[in-house]
Amino acid sequence: MEEVKIGVYVCHCGLNIAGTVDVEEVAKYAATLPSVVVSRDYRYMCSDPGQDLIKNDIKEYVLNRVVVASCSPRMHEPTFRNACQEGGLNPYLYEHANIREHCSWVHDDKKINTEKTKDLVRAAVKRVYHHEPLEVKEAPVNPNVLVVGGGIAGIQAALDIANGEKRVYLVEREPSIGGHMIQLDRTFPTLDCSECILTPKMADVGHHPFIELLAYSEVEEVSGSIGQFKVKVRKKARHIDESKCVGCGICEEKCPWKVPSAFEMGLAMRKAIYIPFAQAIPNLVTVDPDLCVYIQSNGKKCGACIKFCEAKAITPETLLNQTDQIIELEVGSIIVATGYDQFDPSVIPQYGYGKYDNVLTGLQFERMTCAAGPTGGKVLLKDGREPESVAIIHCVGSRDQNYHEYCSRVCCMYGLKYAHLIKEFTKADVYEFYIDMRCFGEGYEEFYKRLSEEGANFIRGKVAKVTDQAVTEEEKGKLIVVAEDTLLGRLIRVPADMVILCAALEARADADKVASLFTLNRRADGFFLERHVKLDPVATPTDGVFIAGCCEGPRDIPDTVAQASAAAAKALSLISKGKITLESAIASVDETRCIGCGRCEEICTFHAPKVISKNGVMVSEVNETLCKGCGACAVVCSTGAMLIRHYKPEQILSQVAALTEVL
Amino acid sequence: MEVLSPYKEATEVIIEAGGEPLRLCYQCGICTGTCPWNLVRGFIVRRIIHEAQLGATDFGNEEVWLCATCRACVQRCPRGVEIIDVMRAMRRAVVSLGIGIVPDALRISAKNIAGAGNPLGEAPEKRGDWAKDLGLKKFSPGTEILYFPCCVPAYDPDVKVVSRATATILSELGVDFGILGSEERCCGEAIRKAGYEDTFHSLAQSNINAFSSNDVKTVVVSSPHCYHTFKNEYPELGGEFQVIHITQYLAQLIDQGRLKFSKEINKRVIYSDPCYLGRHNGIYDEPRRVLQSISGLELIEFPDPREDSLCCGGGGGRIWMETVKGERFSDIRVEQALEKGADIIAVACPYCFLNYRDSVLTMDKAEVIEVKDVSELVAEAM
Amino acid sequence: MAEFEPQIIAFTCNWCTYAAADLAGTSRIHYPANVRIVRVMCSGMVNPMYVFKAFESGADGVIVAGCNYTDCHYIDGPVKCDAMFARLKKMVHVLGLEEERLRREMISTSEGVIFARVVEEMVEQLKKLGPSPFKIKMETLA
């Protein structure tokens, strides 16, 4: 074996490391370690001159191993592997010591930090000694993209990719695409109507030659990895013949069975056979099998829809025998845009949601002001009167550690929009109860000023309760909103006819399931985690899976659209490159040791190892395109035949031993 | 115009006395809107916290002593500010540094507690007198349960009914229990909230010593204030024992089939959640279950029951301080009970007992409504 | 005599707990310097042999930490890690080590604070337990 020659580079990272670690001493110490032929400290190793140091030393000192001690390898390991490669060294002959995130930033005693840094560098040196060159392999990228979620984020991402003439499968679980945005009446701060700006995009999706829309469908299973995902989608039975339905709606008109409409936030009823809203895409009816009496009675009762459907799209056969279909797709990348749920304010007892008729959520009010909505665009109390006074409560479930600690970002603005709409539609007084007004976007602060001009009242204070217990004549028959006006330092009681709760945006109730389906991580607040909060906001820790819109956290429409386009660009750039680098640090079998027991085959989630007969001997063989390098097989291997490249026992054991070595 | 400049030293005094949580406050004011004082007078809790943040606290102001530590605000606070800790810290600063004025009534009670181990200034050796004719045994190692009535039920001639009823129930059911009599001291919960930290520590130490020398494993208490400090504060000082509130214990006895009722109580009873049983310790159901087990008894609820229950005004040392007529929460509570048509206000806390009884008397309603402890009702129905 | 400073080896998975430790760093959440992290790709990759090596080399405590069940990059690595850990727990007894010297944690990417807290707790616990019996044996042998 050729003599091992190691170069060690200790980064100052300005003062980020050098401020609490004596980097020069560490570099001097590293020089004393066996096989280290050069050891340096440098201000910024990631800079071009820093990387040049490595490249030059590889030539000058004939280095065949490199260690850099700097920030997290999750940040710059690729940078230095690249530098090694450019210097003519296999990138796997490199080892990284994390002395910033795991040391200089988290402990403050310089002496202790310097000692810990020495330990980390020593361990890296001992480990790199055992590293081996690994072959870097590539694989092609399937140019199809799966977009999950047909709200504004999914629609935008799908259109951007499809306009680049790449195939998109858009999966939406509801009968129609449109998401929450299609429920909104107008959009702040310009007040353009949500339907008017969204429906053209929805229609584009509906007839785009490069988009295959799978509405009323859900992803059931995902396997494979970047470049070659395999996806199973359950297309739920609508119990109609989709090829014949023209969406005329006569069946809906004739159907006698009703439940509260989820689209109308319970303010109106929908039928057992229904189109959720007029502009639905696809424009098809859907049968709710739990509500349909024909289905429930196994064809003995009702059947009105069958009788009236001129297109013969509804038949006893479709109603009784149609089943879900499983569709299998192959895609190279996935964009998850599954949106948010509105926080349920009934868990805050003191605000009376669910107790008092005229306490509404934001989305209920959106439906109310919408011309096509349940009240025909009128702001009305439950008893049909117009309100004389309306209170809008901000931060309901947001900025409150009893519910969600984060700010939901859009509520201040939609609260202002409601004030405007109330002023436009009624003569009512409006009171906005806020903690801080957060109007940060383009035209937002100006909109706040506009509402001041329009006469909205602003009360700074978090509402303590909404009650119907009047103490004065004026309060009788009203809801009384109680808060401290914190600017006056006085308790205030505002009698109101209607109270609108600006409810938080929260992670979908089934976000955990979606996360495990696509191997996403979730933050403590429940939303999906981006790869880097600032510099990689649409990628996720899983290569080839991107996120966009409110599934990543509350955001407004402009931010959602920008993010959706960003995710589309990521998918397109992957397609454009056409290939990906495969993981090299995967399992391999030492056939001289393998006894063919099959434990590896048993434990592997990805079906990578298989016991086969080779020259009459049973041995395990690893399918390298399936192996992800998780290492479970090596743990259960009783003979030590199964090895994970780059994570071989001698590599890890030497690192572990070096970390605790008593000097 | 008077200009304020931040006075860091004052903030530090409060923080050192345990007011650390004040830093978290973002001034939304939900505490003010939730605080029961604002039903009867202005008490801007938020401003007090902000003044403390900037060192602008007026230690001489009577507001330092208002908080009844009912926890309504803490329960709602969106930032998790332990407002009670801040209020207590300001009081500690006054008591220990003498930078303000301690109300006379409180000062006298504090002196009595420190000297005699009870706020009334009664002789310590008479602490067990309430049980004189009941033939109770003194607790000794091996006894299963210690009954700890604490000061008010031990000394107050009107509230002795509570301790006596409790002891009677336990004796009749054959529970193996004893009392500590003159070895017992005030639990110290309220005096601690009033800012007398040292007094609390010496009381706690004395009780812990008495418990451990007698090998006490389980304590049944009448007062939610004892319950709170035994459960949440004594363990830090080395007091490791199980504590059960009498209403919990009675519920257990009913579940086990040991406690059965033979008499009916045909009354409308309204139950008032004590702050230290409910909001402080989450015990809402057991007292209701006990009352509901009594046949004939119709249990009704206040307009704001359970988590939203209105404080009687007696916590945090307020029980010893004068609250002027017109500002007593207990008066509101009695009115609410009357409106609901209750015959009896059932309580599970000696402070509630004292305050409601006073309200009923001063409001001249003694003929239409009674105040009774849950244990009294149970004893009557047995 | 200087206070006993325990040495802890933490095996952390690349995707969750290693990233959580990174987050503790970027958020400047301070915790005791007694821990040394070994990055593995998955908590299910940790071989009992690695843990023994750590003790044998003088570690006073070992943490094995990775993703939660729901966010594993390899789908079910934590389940495999649990199975390994259960075996490991039985084995440490045989070696005469206290169970408390071994800790299994699931710390997800966003939980930098929890990572720091776990280290703090472990250091405190090990200070109570004192040096590992292995280490003492090694020292007497030397």
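To be clear, the structure that these remarks concern was listed above.
What counts and how
- Residues numbered from 1 in each chain as written.
- Chains lettered and ligands numbered in written order.
- Predicted model: local features only at pLDDT ≥ 70, side-chain atom pairs only at ≥ 80, totals over all residues.
- Heavy atoms only, no water.
- Contact = heavy atoms within 4.5 Å.
- Buried area = accessible area lost by both parts, 1.4 Å probe.
- Salt bridge = Lys/Arg side-chain N within 4 Å of Asp/Glu carboxyl O.
- Helix = DSSP H or I, 4+ residues; strand = E, 2+ residues; numbered from the N terminus.
- Nonpolar A, V, L, I, M, F, W, Y, C, P; charged D, E, K, R; others polar.
- Disulfide = S-S within 2.5 Å.
- Buried < 20%, exposed > 50% of the residue type's maximum accessible area, 1.4 Å probe, protein only.
- Core = buried A, V, L, I, M, F, W, Y, C linked by side-chain atoms within 4.5 Å.
- Axes fitted to C-alpha atoms, helices over the stretch in contact; angles between N-to-C directions.
- Parallel < 35°, antiparallel > 145°, perpendicular 65-115°, else oblique.
- Left-handed = near helix turned anticlockwise from the far one by under 90°.
- Phe/Tyr/Trp six-rings, centres within 6.5 Å; stacked < 30°, edge-to-face > 60°.

Of the residues lining the interface, 48 residues belong to chain A; the matching set on chain C comes to 52 residues. Between chain A and chain C, a total of about 4,300 Å² is buried, with carbon and sulfur atoms accounting for 61% of that surface. Applying the counting rule to chain A against chain C returns three salt bridges. Among the elements of the structure, helix 4 (73–86), helix 5 (100–104), helix 6 (110–129), helix 16 (511–517), helix 19 (632–636) and helix 20 (649–660) of chain A are those that each provide at least two residues to the side of chain A that touches chain C. The leading source of residues in the side of chain A that touches chain C is helix 20 of chain A, at eight residues. A per-class count over the side of chain A that touches chain C returns 24 nonpolar, 14 polar and 10 charged.

Using the criterion set out here, one finds two disulfides over all chains in the structure. The disulfide that involves A:Cys193 links it to A:Cys196, with 2.3 Å between the sulfurs. Because the torsion about its S-S bond is 90°, the bridge between A:Cys193 and A:Cys196 counts as right-handed. With a relative accessible area of 21%, A:Cys193 lands in the partly exposed category. Between C:Cys16 and C:Cys67 runs a disulfide, and the two sulfur atoms are separated by 2.5 Å. Taking the sign of the S-S torsion, 95° for the link of C:Cys16 and C:Cys67, the bridge is right-handed. One end of the pair, C:Cys16, is in the loop between strand 1 (8–13) and helix 1 (17–26); the other, C:Cys67, is in the loop between strand 3 (61–66) and helix 3 (77–94), and 51 residues separate them in sequence.

Residues B:Phe148 and B:Phe230 are the most contacted members of the largest nonpolar core, which totals 134 residues. Ranked by the residues each element gives to this core, the list is headed by helix 5 (residues 83–97) of chain B, at eight residues. With residues up to four places along the chain from it excluded, the contact list for B:Phe148 reads B:Glu184, B:Arg185, B:Cys187, B:Asn207, B:Phe211, B:Val219, B:Val220, B:Val221, B:Ser222, B:Cys226 and B:Phe230. Formed by 92 residues, the second largest nonpolar core is a distinct cluster that contains A:Ile17, A:Val23, A:Ile586 and A:Val622.

Interhelical geometry of helix 20 of chain A versus helix 2 (residues 48–56) of chain C gives an angle of 25° and a closest axis separation of 8 Å. The pairing of helix 20 of chain A with helix 2 of chain C is recorded here as roughly parallel in orientation. Considering only the axes of helix 20 of chain A and helix 2 of chain C, their crossing is right-handed. Facing A:Pro649, A:Ile652, A:Leu653, A:Val656, A:Ala657 and A:Thr660 of helix 20 of chain A, the residues of helix 2 of chain C in contact are C:Met49, C:Tyr50, C:Lys53 and C:Ala54.

Attention now goes to the packing of aromatic side chains. Residues and elements named next belong to chain B. One pass over the full model with this rule turns up 23 aromatic pairs over all chains. Measuring from ring centre to ring centre gives 5.9 Å for Phe-148 and Phe-211, while their planes differ by 85°; the resulting arrangement is edge-to-face. On the criterion of sequence distance, the pair formed by Phe-148 in strand 1 (residues 145–148) and Phe-211 in helix 10 (residues 197–213) is long-range, its members being 63 residues apart. Residue classification places Phe-148 among the buried residues on the basis of a relative accessible area of 0%.

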